[in-house]
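Listed below, chain by chain, are the residues.
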Amino acid sequence: MPIKKLPDNSGATLTVVDLDGYYLPTFYELEDHEEQIRSLPKWKARDDDVILCTYPKSGTHWLWEIVSMLVQNKAKRIQTVKQTAMLEVIAEESYDNLPSPRVLNSHVYFEYLPQDFAKRKCKIVYAMRNPKDVAVSFYNHHSKIIEYDFSGKWEDYVSRFVKGDVDYGTWFEYTLKWEKFMADNQDYPIIVTTYEDMKEDSLREVTRIAKFLEVDCDQAFLQEVTDLCHFDKMKKEKNALEEQVAGWKDGKPGMYRKGDVGDWKNWFTVAQSEYFDSVYMEKMKGSKVQPRYTLR
Ligand code: A3P
């Protein structure tokens, strides 16, 4: 697949793969990545598959760990990383070999995913995060992972993010597509959570997700899962595994960075924030999505 270097206003570039104008990260590229991605909609699903769908940097690792523990009914650290079940980066053979129940995850639009999910009505856990914190988290992600070959400045990043010159396109389009999917498929088994709701009351959200997944468990188990998936614990216990899946510039994996709501306030200038708000108003006109930019 063609590699593209997307420039910002100052000329700094971010390296992605260009799939007919839809951008994907380069660093997981399988030998026949293009073939794999194009065949993905035809892959077979299983009735008990659970799919975690998120725009990047929305807390996918956190939720994958939680959902994996819930479906396995074991409050025990998952000894692998979510990328082993990330649909756009694994080969069909690896996908077929994953043991059931599978907790799959992806950042691609629903139309690129196995369409068998829809036929079988496989459960979807969909999570959102406020786009200003997503932008900050994505900037750090892009800056730290070697394969993006990116050393752009934050002052140019907000317009890059808004334009969608990043892997997986814009947050706006991703979010609007899911809003439409849910409006058009009201009987589809999908649960929506947000990073902010998770931070506000993790146990409440873990309990809600467990109920949605019909996990037979007690309160003590839900508390244990919640505690095991706390940011500090995951950072300590999963970082070493993260080193195996991406090259980090300083040799230190940055997947577990800050883990807060509202860090955007330390990054966005007033002008950037106002610019972002005006773009948001325009792009999300008519949408019922209401991001929470702070917990207070
Ligand atoms: P920050 O960069 O703001 O710290 P994803 O998994 O979708 O790539 O999202 C990564 C973001 O989720 C990062 O945000 C990361 O620190 C945060 N995160 C990862 N695990 C978390 C946890 N257990 N609790 C809270 N935040 C977590």
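(A) Just the packing of aromatic side chains, in detail. The final tally for this structure, using the stated rule, is 33 aromatic pairs. A ring pair is formed by Trp 154 and Trp 267, whose centres lie 5.5 Å apart and whose planes are at 70°; its orientation type is edge-to-face. Of the two residues, Trp 154 is situated in helix α6 (residues 154-163) and Trp 267 in the loop between α11 (231-242) and α12 (270-283); the sequence distance between them amounts to 113 residues. On the accessibility criterion, Trp 267 (26% relative accessible area) is partly exposed. Lying across the ring of Phe 212, Lys 123 places its NZ or CZ 5.8 Å from the centre. One cation-aromatic arrangement involves Lys 177 over Tyr 109; the distance from NZ or CZ to the ring centre is 4.5 Å.

(B) Looking closely at the pattern of salt bridges. Under the defined criterion, the tally for this structure stands at 25 salt bridges. Two residues, Arg 77 and Glu 65, come together in a salt bridge whose shortest N-O distance is 2.8 Å. Here Arg 77, found in the loop between α2 (60-72) and α3 (92-97), pairs with Glu 65, found in helix α2; they are twelve residues apart in sequence, far enough to count as distant. Across the pair, exposure class does not vary: Arg 77 and Glu 65 are buried alike.

(C) Highlighting the pairing of strand β7 (residues 190-194). The buried fraction of β7 is high, at four of five residues. Across five bridges, the pairing between strand β6 (residues 123-128) and β7 is parallel. Residue pairing across strands places Val 125 opposite Ile 191, the latter belonging to β7.

(D) Region of interest: the sheet that holds strand β3 (residues 22-24). Reading across the sheet, the three strands line up as β1-β2-β3 and stay open at both edges, with antiparallel pairing between neighbours. The two strands at the open ends of the sheet, each matched to only one other strand, are β1 (3-7) and β3. Strand after strand, the sheet turns through a mean of 55° between neighbouring axes, direction not considered. For strand β2 (residues 13-19) and β3, the ladder comprises three bridges, and the chain directions are antiparallel. Along β3, the bridge assignment pairs Leu 19 with Tyr 22.

(E) Local environment of the side chain of Thr 60. Tracing the sequence through the fold places Thr 60 in helix α2. The class of Thr 60 is buried, set by a relative accessible area of 3%. Among the polar contacts listed, one links the side chain of Thr 60 to the side chain of Thr 54, at a separation of 2.9 Å. Those residues in contact with Thr 60, other than ones at most four positions away along the chain, are Leu 52, Thr 54, Tyr 55, Lys 82, Asn 105 and His 107.

(F) Spatial organisation of the side chain of Asn 140. Inspection of the secondary structure puts Asn 140 in helix α5 (residues 131-144). Accessibility expressed as a relative area gives 10% for Asn 140, which makes it buried. Apart from residues no more than four positions distant in its own chain, Asn 140 is found in contact with Arg 257 and Trp 267.

Here is what the cut-offs are and how they apply
- Residues numbered from 1 in each chain as written.
- Predicted model: local features only at pLDDT ≥ 70, side-chain atom pairs only at ≥ 80, totals over all residues.
- Heavy atoms only, no water.
- Phe/Tyr/Trp six-rings, centres within 6.5 Å; stacked < 30°, edge-to-face > 60°.
- Helix = DSSP H or I, 4+ residues; strand = E, 2+ residues; numbered from the N terminus.
- Buried < 20%, exposed > 50% of the residue type's maximum accessible area, 1.4 Å probe, protein only.
- Lys NZ or Arg CZ within 6 Å of the ring centre and 35° of its normal.
- Salt bridge = Lys/Arg side-chain N within 4 Å of Asp/Glu carboxyl O.
- Pairing = 2+ DSSP bridges.
- Axes fitted to C-alpha atoms, helices over the stretch in contact; angles between N-to-C directions.
- Polar contact = N/O pair within 3.5 Å; in protein donor to acceptor, adjacent residues only side chain to side chain.
- Contact = heavy atoms within 4.5 Å.

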